[in-house]
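Residue-level structural notes
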Amino acid sequence: MEFAHISQGKRLTTHVIRTEDVIDGDFCEVLCYMEPSCVSYNLRVKASNDGKYKCELNNSTIEEKSDKLEANPEFVYRGTKVNKLRGFASSITSRTVIK
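Described below are features of the structure shown in this document.

What counts, and where the lines are drawn
Residues numbered from 1 in each chain as written. Predicted model: local features only at pLDDT ≥ 70, side-chain atom pairs only at ≥ 80, totals over all residues. Heavy atoms only, no water. Core = buried A, V, L, I, M, F, W, Y, C linked by side-chain atoms within 4.5 Å. Buried < 20%, exposed > 50% of the residue type's maximum accessible area, 1.4 Å probe, protein only. Helix = DSSP H or I, 4+ residues; strand = E, 2+ residues; numbered from the N terminus. Contact = heavy atoms within 4.5 Å. Phe/Tyr/Trp six-rings, centres within 6.5 Å; stacked < 30°, edge-to-face > 60°. Lys NZ or Arg CZ within 6 Å of the ring centre and 35° of its normal.

1. Section: the nonpolar core
Membership of the largest hydrophobic core is limited to 12 residues, which are Met1, Phe3, Val22, Cys28, Leu31, Cys32, Cys38, Tyr41, Leu43, Cys55, Leu57 and Val76. Broken down by secondary-structure element, the contributors of at least two residues to this core are helix H1 (25–34), strand E3 (40–44) and strand E4 (53–58). Considering every element that reaches this core, the biggest residue donor is H1, with 3 residues. Residue contacts for Cys28: discarding those within four places in its chain leaves Val22, Tyr41, Asn42, Leu43, Cys55 and Leu57.

2. What to know about the packing of aromatic side chains
A ring pair, where both rings are aromatic, is described by two values, the distance of the centres and the angle of the planes. Using the criterion set out here, one finds 1 aromatic pair in the structure. Ring centres 5.6 Å apart and planes at 65 degrees place the aromatic pair Phe3 and Tyr41 in the edge-to-face group. Of this pair, Phe3 sits in strand E1 (residues 3–12) while Tyr41 sits in strand E3, placing them 38 residues apart in sequence. Overall, Phe3 belongs to the buried group, its relative accessible area being 10%. Note on Tyr41: relative accessible area 4%, which makes it buried. Between Arg11 and the ring centre of Phe75, over which it is positioned, the NZ or CZ distance is 4.3 Å.

So this is what it looks like as structure tokens:
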């Protein structure tokens, strides 16, 4: 899975499948990679009192649900790069399986 650029001040709504407190944005990205149905995430840009950031994993991208992207200065949105095939949007998933 490959992530696209970060969208500052944006948040995908109604597609959150899991919420975690993380130490930084990289950890949020790793959580998304490890969650089979995650294809994007929202990350709160300001840490809470314990120094952690709110990470919301999503099961959709803005390419699929652009009407659900809201302006929110407290968050950044990052989705996976999308490959358009035969009129359908599908996330590029090049995950390595270790046996």
